[in-house]
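Each chain, letter by letter, is given below.
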Amino acid sequence: MESGHFLLIYINDISHSLIYISLDGWRRNKLLEIALFGENDPLSINIYGNNLGYIGDNMKRLVLSFEKKSISNTAAVVMAVVLAFPTVIAAQDDTYPNSVDTHIGELTFDHGIPTEETSEKLYYEMDYHRAVQTYLWSLPIVGQAQWRQSYLDLYDMKPNQMVYLTQFNDRSLILTANESTPYLIGWTNVKDKAVILEVPPAAVIGLGIDFWQRGLADFGMFGPFSGNGGTWVITGPGTPKSEIPYIEGAKYIESKTNNFWFLFRLTMPAEERDPVINQIKMHYNGEKPKAVSVIPADNKPGRNYQPRGMKYWETLHAILQEEPVEERDRFFMYFLKEMGIEKGKPFDPSEREQKIMTDAVVVGEAMAKNMVFRERLPGVLREDGWRLILGRVQGTEPGDAMEHTQRTNYYDRFDPRARYTYEACTTSERMSFPKPGFGMGYGGMFLDTKGRALAGDRSYVLNVPANPPVKLFWAITVYDVDTRGLITSDQQRAERGSVHKGVKTNPDGSTPIFIGPQAPKGWEDNWIKSVPGRAWFPYFRFYGPTEPFFDQSWKLPPIEEVDFAQYEN
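Residues numbered from 1 in each chain as written. Predicted model: local features only at pLDDT ≥ 70, side-chain atom pairs only at ≥ 80, totals over all residues. Heavy atoms only, no water.

Engineer: Talk me through the overall build of the protein chain; I want residue IDs and the actual numbers.
Structural biologist: A count of helices and strands for the protein chain gives 9 helices and 29 strands. Going through the 569 residues of the protein chain one by one, you find that 51% of them count as buried. Of the contacts formed within the protein chain by residues at least 6 apart in sequence, a portion of 70% connects residues at least 24 apart. Here the protein chain has roughly 26500 Å² of accessible surface; of this, 50% comes from carbon and sulfur atoms. (Helix = DSSP H or I, 4+ residues; strand = E, 2+ residues; numbered from the N terminus. Buried < 20%, exposed > 50% of the residue type's maximum accessible area, 1.4 Å probe, protein only. Contact = heavy atoms within 4.5 Å. Areas by Shrake-Rupley, 256 points an atom, 1.4 Å probe, with all protein chains shown as cover.)

Next comes the structure, spelled out in structure tokens:
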């Protein structure tokens with residue numbers, strides 16, 4: 001029955017108490033009017049859906065109100081009718097309109113069937129949305145593949161080698177790297193053999209992740225051996241059992257990807273670093289233990305922020321060939337198949353697919369930026385307004401914050417993972433959930449007090465209160481919005497903190513950190529140079545946070561735009 005029509009039934013004898021009518025697509029609480037015409041006068045029947053109920057499998061019960069019009073001697077007749085439904089007539093609201101306006105424009109139909117033009121539009125929109133979501137899903141593994149490829153290109157790095165980063169450019173294009181400590185960074189592949197890692201007793205802060213950036217281990221000071229050395233055996237999803245050694249006292253790490261990434265921060269004095277590095281050993285099962293092979297970074301800018309354009313999808317296709325498919329990712333692998341990305345097959349997208357995928361990278365990155373800089377995730381804001389980059393505020397609901405497992409009881413974190421791995425990289429349990437004096441805390445701020453971007457053209461101050469709650473050190477590091485790497489200027493400096501020489505404090509013990517295009521006179525050692533025309537954001541790092549960090553009794557103020565002249569001597 002089309003919209004606006006009535007069902008017409010001719011009744012010769014109104015005294016009949018049982019009328020058989022066929023209805024289809026009945027909707028509860030909807031009114032369907034049926035006009036019945038007797039021999040002499042019309043009857044109007046209103047059928048009220050809120051009286052609809054089921055009797056058995058095939059029967060429905062309706063209460064019908066009959067009002068007789070223009071029939072003398074009878075004012076009204078009310079009767080209950082039981083209707084059997086062998087065939088159907090659709091209610092008005094069950095007919096799909098032949099034209100609808102949507103956010104993607106007008107959609108047209110031929111008696112409910114999409115027209116050829118609408119069909120093409122819908123398939124394009126479906127494939128496009130899948131590509132955007134697949135971009136957000138794949139950010140962590142593409143970031144890791146890009147990082148490894150960068151070191152392969154720069155140094156021809158092999159598994160079980162480490163790149164030694166000591167200078168500004170070494171880390172300038174690594175997502176939110178710090179500038180306080182040298183790094184040792186490398187990778188291995190455990191598809192065929194387990195890897196044995198030996199870490200000496202030392203002031204080392206290390207971690208290990210799989211290529212989906214799930215934190216699997218803390219090495220060194222904040223690990224299970226509390227800085228007293230230790231041995232780890234690293235295996236993958238298919239490592240042959242015959243290639244997994246038993247080592248008494250060792251910790252076993254089971255990665256879900258064949259590729260495994262490791263990173264060490266060296267917090268000891270400079271003169272102690274080389275002896276510590278020479279005691280780190282990493283080798284495949286069956287090989288003789290030996291000191292890890294170290295490659296000097298040589299001030300070359302290795303990069304791990306994700307590529308743009310079709311290069312993004314080429315990188316994703318290549319790394320997926322190396323890794324098994326997890327159950328949680330099988331739907332996304334279907335989406336990729338429709339985009340020309342499959343395991344065991346070359347990547348040869350059509351012109352249509354390339355158009356969709358190129359646009360999806362642009363919109364996907366915009367969505368990732370939105371999640372970083374205009375975050376709506378609960379459970380991550382401290383009382384002082386700074387956001388916890390990892391973990392959640394103690395005492396709050398878990399919310400949707402990012403942490404090292406990426407998993408809850410009922411779902412895996414999607415938006416938090418995309419947000420974090422666009423903005424930063426690597427996780428561990430102690431990075432996500434530090435304990436007093438044991439781990440790291442990270443705070444971020446993304447807008448000024450007026451709700452604007454922190455622009456390189458303006459001058460700002462962060463006045464760090466006295467006695468920051470840290471056992472080791474604190475630092476504020478400034479990053480470029482577009483690269484999420486260290487802000488880069490001719491100053492070649494992006495960080496100030498308690499380990500940097502020359503940083504001055506106020507008489508009350510507070511430490512002003514200045515960010516702007518020009519230094520305030522007399523405070524040059526407290527200044528980080530910004531770049532006009534580019535925006536920035538800071539991380540405040542607490543290494544070994546103490547109790548006031550957790551109970552929030554110590555608070556960071558907001559970042560304020562100021563006239564540096566008021567601070568000049």
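Engineer: Give me the lowdown on helix α5 (residues 330–337), citing residues and values where you can.
Structural biologist: Every buried residue belonging to α5 is among F332, M333, F335 and L336, and all of these are buried. For α5, the angular spread of buried residues about the axis comes to 155°, placing them on one side. Pointing more than 90 degrees away from the buried face of α5 are the exposed residues R330 and F331. Residues of α5 that are buried in the fold lie against α1 (116–155) and α4 (310–320). (Arc of directions from axis to C-beta.)

Engineer: Account for the sheet that holds strand β16 (residues 251–254), naming residues and giving values.
Structural biologist: Across the sheet, 4 strands lie side by side as β16-β15-β12-β18; this open sheet has mixed pairing. At either end of the open sheet lies a strand with only one pairing partner, and these are β16 and β18 (281–284). Within this sheet the neighbouring strands show an average axis-to-axis angle of 20°, counted without direction. As paired strands, strand β12 (residues 195–201) and strand β15 (residues 228–235) are joined by 6 bridges and run antiparallel to one another. Paired with I196 across the two strands is V233, which belongs to β15. (Pairing = 2+ DSSP bridges. Axes fitted to C-alpha atoms, helices over the stretch in contact; angles between N-to-C directions.)

Engineer: Got a sec to walk through the pattern of salt bridges? Specific residues and values, please.
Structural biologist: Applying the stated criterion to the full structure yields 27 salt bridges. A salt bridge links E423 to R387, with the nearest nitrogen and oxygen atoms 2.7 Å apart. Here the residue E423 occupies a position in helix α7 (residues 415–423), and R387 occupies one in strand β20 (residues 387–388), the gap between them amounting to 36 residues. For the pair E423 and R387, a shared accessibility class is recorded, and that class is buried. Residues participating in the shared-partner salt-bridge network are D210, R214, E326, R328, D329, R407 and D412. (Salt bridge = Lys/Arg side-chain N within 4 Å of Asp/Glu carboxyl O.)

Engineer: Explain the packing of α1 against α7 residue by residue, including any values.
Structural biologist: Look at α1 against α7: their axes get within 8 Å of each other, and the N-to-C directions meet at 50°. If you check the angle between α1 and α7, you find them oblique. Two packed elements cross with a definite hand, and for α1 against α7 that hand is left-handed. Along its contact with α1, which presents Y135, L136, W137, L139 and P140, the element α7 presents R417, A418, T421 and Y422. Residue classes in the contact of α1 with α7 are distributed as 7 nonpolar, 1 polar and 1 charged. (Parallel < 35°, antiparallel > 145°, perpendicular 65-115°, else oblique. Left-handed = near helix turned anticlockwise from the far one by under 90°. Nonpolar A, V, L, I, M, F, W, Y, C, P; charged D, E, K, R; others polar.)

Engineer: Got a sec to walk through α7? Specific residues and values, please.
Structural biologist: Every α-helix winds through 3.6 residues per turn, so residues three or four apart in the chain are directed the same way. Summarising burial for α7: 8 of the 9 residues are buried, a large majority. Those residues of α7 that sit buried are P416, R417, A418, R419, Y420, T421, Y422 and E423. Packing partners of the buried residues in α7 comprise α1, α6 (351–373), β20, α8 (429–432) and β28 (535–545).

Engineer: So what's going on with the packing of α6 against α7? Which residues, and what values?
Structural biologist: At their nearest, the axes of α6 and α7 sit 9 Å apart, and the two run at 95° to each other. It follows from the interaxial angle that α6 and α7 lie roughly perpendicular. Of the residues in α7, those in contact with E365, A368, K369, M371 and V372 of α6 are D415, A418, R419, Y422 and E423. Among the residues forming the contact of α6 with α7, the class breakdown is 5 nonpolar, no polar and 5 charged.

Engineer: An account of the packing of aromatic side chains is needed here, citing residue identities and associated values.
Structural biologist: Taken as a whole, this structure holds 33 aromatic pairs when the rule is applied. Between W137 and W212 the ring centres are 5.0 Å apart and the planes differ by 45°, which places this aromatic pair in the tilted class. Separated by 75 residues along the polypeptide, W137 in helix α1 and W212 in the loop between β13 (204–210) and β14 (215–220) bring together distant segments of the chain. Look at Y312 and W313: their rings are 5.3 Å apart centre to centre, the planes differ by 80°, and that puts the pair in the edge-to-face class. Here Y312 and W313 have matching classes, each one buried. By way of ring pairs, the aromatic residues W474, F540, F542, F549, F550 and W554 are connected into one cluster. Over the ring of W187 we find R148, and its NZ or CZ is 5.0 Å from the ring centre. (Phe/Tyr/Trp six-rings, centres within 6.5 Å; stacked < 30°, edge-to-face > 60°. Lys NZ or Arg CZ within 6 Å of the ring centre and 35° of its normal.)

Engineer: Can you explain the sheet that holds strand β23 (residues 460–464)? Please cite residues and give values.
Structural biologist: One open sheet holds the 4 strands; their spatial order is β27-β26-β23-β29, and the pairing between them is mixed. This sheet does not close on itself; its edge strands, each paired only once, are β27 (527–529) and β29 (560–561). Bridge count between β23 and strand β26 (residues 511–516): 5 bridges; the pairing is antiparallel. Opposite N463, over in β26, you have P512 as the bridge partner.

Engineer: Now, about the side chain of D218: what can you tell me, with residues and values included?
Structural biologist: Here D218 lies in strand β14. No salt bridge is formed by the buried D218; the nearest opposite charge belongs to R430, separated by 5.2 Å. Within polar-contact distance, the side chain of D218 engages the side chain of S428 at 2.6 Å. Residues contacting D218, with those up to four places away along its chain left out, are G206, L207, G223, P224, W232, S428, E429 and R430. (Lys, Arg positive; Asp, Glu negative; His and termini not counted. Polar contact = N/O pair within 3.5 Å; in protein donor to acceptor, adjacent residues only side chain to side chain.)

Engineer: Help me get a handle on the pairing of β28, residues and values and all.
Structural biologist: Of all the 11 residues making up β28, 10 are buried; the element is thus mostly covered by neighbouring parts of the structure. Of the strand pairs in this sheet, strand β21 (residues 440–444) and β28 are connected by 5 bridges, and their pairing is antiparallel. Looking across to β28, one finds that M440 is bridged to Y543. When strand β22 (residues 454–455) meets β28, the two strands line up antiparallel, connected through 2 bridges. Counterpart to A455 in the pairing with β28 is A535. Two strands pair when backbone bridges link them, and strand β24 (residues 470–480) and β28 are joined in this way by 9 bridges, in the antiparallel orientation. Counted as the bridge partner of W474 is F542 from β28.

Engineer: Account for the side chain of Q144, naming residues and giving values.
Structural biologist: With respect to the helices, strands and loops of the structure, Q144 is situated in helix α1. For Q144, a relative accessible area of 0% gives the class buried. In this view, Q144 contacts I209, F211, Q213 and W261; residues no more than four positions away in its chain are not counted.

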